Amino acid sequence: MVPITSGLRRPRLRASFAVVAALSLVAAACSSDDDSSSDTSPPDTTPTATVALEPVDTEPAATVPVDTTPGDTVSPLPDDPGEAFPNLDPPTGEPFVIGLVNTEGTPGLDFPEIRGAISGAMDYLNDHGGYGGRPIVLESCSAQGSPETSQACAQELAGKNVELVMLGVDVFAAFATYDAAGIPVVGMLPLLPGDFSANALFVGGGNVFAGAATAAVAKDHFNAKSVGIVSSDTPGALATVGALSAALDVAGVAYTTISGGANETDAGYQGLMRGVAAANPDLIVSIFDEGGCVGTMRGRTALGIDIPVLTTSICSTSRVLEQVGDDAVGWSFIGVSTPEDTPKADIQREIMGNVLGIEPSEVDTTSLGFGGAGLSMAMSLAEYSNRMAADGLEVTGESLYAYIQESQGLTLWPGDLDLDCGLSEVYPSICSFAFPFAEYKAGGSVETIPGLEEVSGLTYLP
């Protein structure tokens, strides 16, 4: 167990983004390389940007066929192109070659679910409109968490004449190579400090903005004057702690921190919860993977601690809540909102059902892991491409990038979280700054907290 440290008004910290970088406060799941679990279900490493699902108007609207390339059309679009995909015909335009760089096969940095979800989205889109009427060719390259492998992927994709590069998890993205080749880059989440000002667009805000949004909720919703932070001692979790600590400094909220192993015994988790509660903070923030979620939830109940806890969306998964039941009362989650049965959720289930080899009805859209973030990015860009085509604009890698960078009123599919690139001058590559928050209700439901549907990470940005 790491000793508790005080953080009252200490100098601002910058998060330590090591090789195993924390992807965001809602994704501290780069935990232990020594996981002894025998669970064979699909990996659940919930992403930084779990988007809200809101009811949508499904009434048909009058539309006009859209010309894309000479002689090629896509089916008419309704008012919301984000739910129109099932009605679109297979694309017949010029192929749109997209590169994907994702880190796989490295202990602690192995995210094949991202590639699987993005590939599944492209397969679906090649039956339903493509990108603005253009069929998609996905060229995928796996990095292994080193600068050399990221550089090799960049050179490989440049040699394949891709029009656009998507980044899943790429710790050492070779932005200079993409710049030299004139290839625009759109990524899931920023990882290293340089990513925040790179010549790229990131649809997720990462640790910095998630930490700032958490600080906002701690101060302005829970009215916390002091926060106790408890986490595993893995690099990802500790980087998340650093980002949160920096935001709490800006917010003027005192904090203490304590960390322990990623795989504690029940007694160990109780010890951690006892330690973080010892200073009697107004709020506890807990940062663990699924095993730690279960252990800390049970430990809090066993010790009779009634301090509210704010944690990552990892702890809201069905695998966790089915184990702890109402021991989760008093816990709230960043990056989670009330799930809704919408046309977009149906699309999610269809795509991920094919990816996972299960029936769509069996897909839990709230537990898609990092794959859910990849799916959101791929489908968001498809929606923007279709909007461009509907407006008579040519859809290319460069034009799509410019459209995302310059347009107002875009949202992240499948919800309605705003996408506003360049809103932060300090972090110009970031396009998404807000997160929903939800809480566990006795009996098993997880519901969005009123007023916290979209909490900005800009107010207390370090």
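In the block above lies the structure referred to throughout.
Every residue gets a number counted from 1 within its own chain, in the order that chain's sequence is written. Local features in a predicted model are, by the rule used here, given only for residues with pLDDT of at least 70; side-chain atom pairs are given and counted only at 80 or more, and totals for whole chains, interfaces and linings are based on all residues. Derived side-chain values reflect all non-hydrogen atoms in the structure, with water molecules and hydrogen atoms excluded from consideration.

Trainee: Got a minute to help me understand the overall build of the chain in this structure?
Mentor: When you go through the chain residue by residue, the secondary structure sums to 11 helices and 19 strands. Here the chain holds 462 residues, and 59% of them are scored as buried. Taking contacts inside the chain between residues at least 6 apart in sequence as the whole, the part at least 24 apart equals 71%. Accessible areas in this description were obtained via Shrake-Rupley with a 1.4 Å probe; residue shielding takes into account the shown protein chains only. With the model as given, the accessible surface of the chain reaches about 17,200 Å², and the carbon-plus-sulfur share is 49%. Numbering goes from the N terminus for both helices and strands, where a helix is a DSSP run of H or I of at least four residues and a strand is a run of E of at least two. Burial here depends on accessible area, computed with a 1.4 Å probe over protein chains only, as a share of the maximum for the residue type. Under 20% is buried, over 50% is exposed, and the range in between is partly exposed. The contact definition used throughout considers only heavy atoms, calling two residues in contact when any of these lie within 4.5 Å.

Trainee: Explain the sheet that holds strand β4 (residues 96-103) here, please?
Mentor: Strands in a sheet are paired, the pairing made by backbone hydrogen bonds, and the direction either parallel or antiparallel. Here, any two strands with at least 2 DSSP bridges between them count as paired. With respect to topology, five strands assemble into an open sheet ordered β5-β4-β6-β7-β8, the strand pairing being parallel. Among the strands making up the open sheet, the edge pair consists of β5 (136-143) and β8 (201-202). Relative to β8, strand β7 (residues 185-187) runs parallel, the two being bridged by two bridges. Residue pairing across strands places Val186 opposite Leu201, the latter belonging to β8. Lines fitted to the C-alpha atoms define the axes, with helices restricted to the stretch that makes contact. Angles between their N-to-C directions range from 0 to 180 degrees. The strands that helix α2 (residues 147-159) touches are β4, β5 and β6 (164-167); relative to β5, the one it contacts most, it runs at about 155°. Together, β6 and β7 form the strand contacts of helix α10 (residues 369-390), whose direction differs from that of β6 by roughly 150°.

Trainee: How should I be thinking about the nonpolar core in this particular structure?
Mentor: Nonpolar side chains in soluble globular proteins generally cluster together in the buried interior. Ranked by size, the top nonpolar core spans 55 residues in total, and within it Val165, Leu167, Phe209, Val227 and Phe437 carry the most contacts. Residues in contact with Leu167, not counting those within four places in the same chain, are Val101, Ala173, Phe175, Tyr178, Val185, Val186, Gly187, Met188, Phe202 and Met377. Side-chain atoms within 4.5 Å link the members of a nonpolar core, which is a set of buried Ala, Val, Leu, Ile, Met, Phe, Trp, Tyr and Cys residues. Within the second largest apolar cluster, 54 residues are counted, among which are Leu100, Ile114, Ile351 and Met352.

Trainee: Whenever I open this one, the environment of Asp289 confuses me. Can you help?
Mentor: Take Asp289: it is sitting in the loop between β11 (283-287) and α7 (290-303). A residue is classified by how much of its surface remains accessible, and Asp289, at 16% relative accessible area, is buried. Residues Asp289 and Ser313, 24 residues apart in the sequence, show an inter-C-alpha distance of 9.7 Å.

Trainee: Would you mind going over the pattern of salt bridges with me for this structure?
Mentor: A side chain of one charge can pair with a side chain of the opposite charge when the charged atoms of the two come close. Here a salt bridge means any side-chain nitrogen of Lys or Arg lying within 4 Å of a carboxyl oxygen belonging to Asp or Glu. The tally for this structure, following the rule as stated, stands at nine salt bridges. We note a salt bridge from Arg115 to Glu104, for which the minimum N-O separation is 2.7 Å. Of this pair, Arg115 sits in helix α1 (residues 112-125) while Glu104 is found in the loop between β4 and α1, placing the two residues 11 residues apart along the sequence. Of the residues examined, Arg115 reaches a relative accessible area of 30% and is grouped as partly exposed. Note that Asp346 is salt-bridged to Arg349, the shortest N-O span being 2.7 Å. Taken as a pair, Asp346 and Arg349 lie in helix α9 (residues 343-356) at a separation of three residues, close to a single helical turn. Using a relative accessible area of 14% as the deciding quantity, one classes Arg349 as buried.

Trainee: What should I look at first to understand a negative patch on the surface in this one?
Mentor: A surface patch of negative charge is lined by Asp416, Asp418, Glu453 and Glu454. With respect to the helices and strands, the residue Glu453 is situated in the loop between β18 (445-448) and β19 (455-456). A relative accessible area of 40% means that Glu453 is categorised as partly exposed. Only residues whose relative accessible area exceeds 30% and that form no salt bridge enter a patch; like-charged residues are grouped when within 9 Å of one another, and nonpolar side chains (Val, Leu, Ile, Met, Phe, Trp, Tyr) when within 5 Å. Asp and Glu count as negative and Lys and Arg as positive, but His and the ends of the chain are not part of the count. Every charge is mapped to an atom, namely NZ of Lys, CZ of Arg, CG of Asp or CD of Glu.

Trainee: In this structure, what is going on with the pairing of strand β13 (residues 331-334)? I would like to understand it.
Mentor: Alternating positions in β13 separate into two faces, Trp331 and Phe333 on one and Ser332 and Ile334 on the other, with burial throughout. Remark: the strand β12 (residues 309-311)/helix α8 (residues 318-324)/β13 crossover connection has right-handed handedness. Bridging between β13 and strand β17 (residues 437-441) involves three bridges; their strand directions are antiparallel. By the bridge assignment for β17, Phe333 is matched with Ala438. Look down the strands so they point away from you; if the path from the first strand over the helix to the second goes clockwise, the crossover is right-handed.

Trainee: Would you take a moment to explain the state of the cysteines for this structure?
Mentor: Here a disulfide denotes a covalent bond joining the sulfur atom of one cysteine to the sulfur atom of another. Pairs of cysteine sulfur atoms within 2.5 Å are identified as disulfides in what follows. For the coordinates displayed, the defined rule picks out three disulfides. In this model, Cys141 is linked to Cys153 through a disulfide, with the two sulfur atoms separated by 2.1 Å. An S-S torsion of about -80° defines the bridge between Cys141 and Cys153 as left-handed. Here the residue Cys141 occupies a position in strand β5, and Cys153 occupies one in helix α2, the gap between them amounting to 12 residues. Among the residues examined, Cys153 registers a relative accessible area of 2% and is labelled buried. Of note for the chain: the bonded cysteines, numbered N- to C-terminal, pair according to 1-2, 3-4, 5-6.

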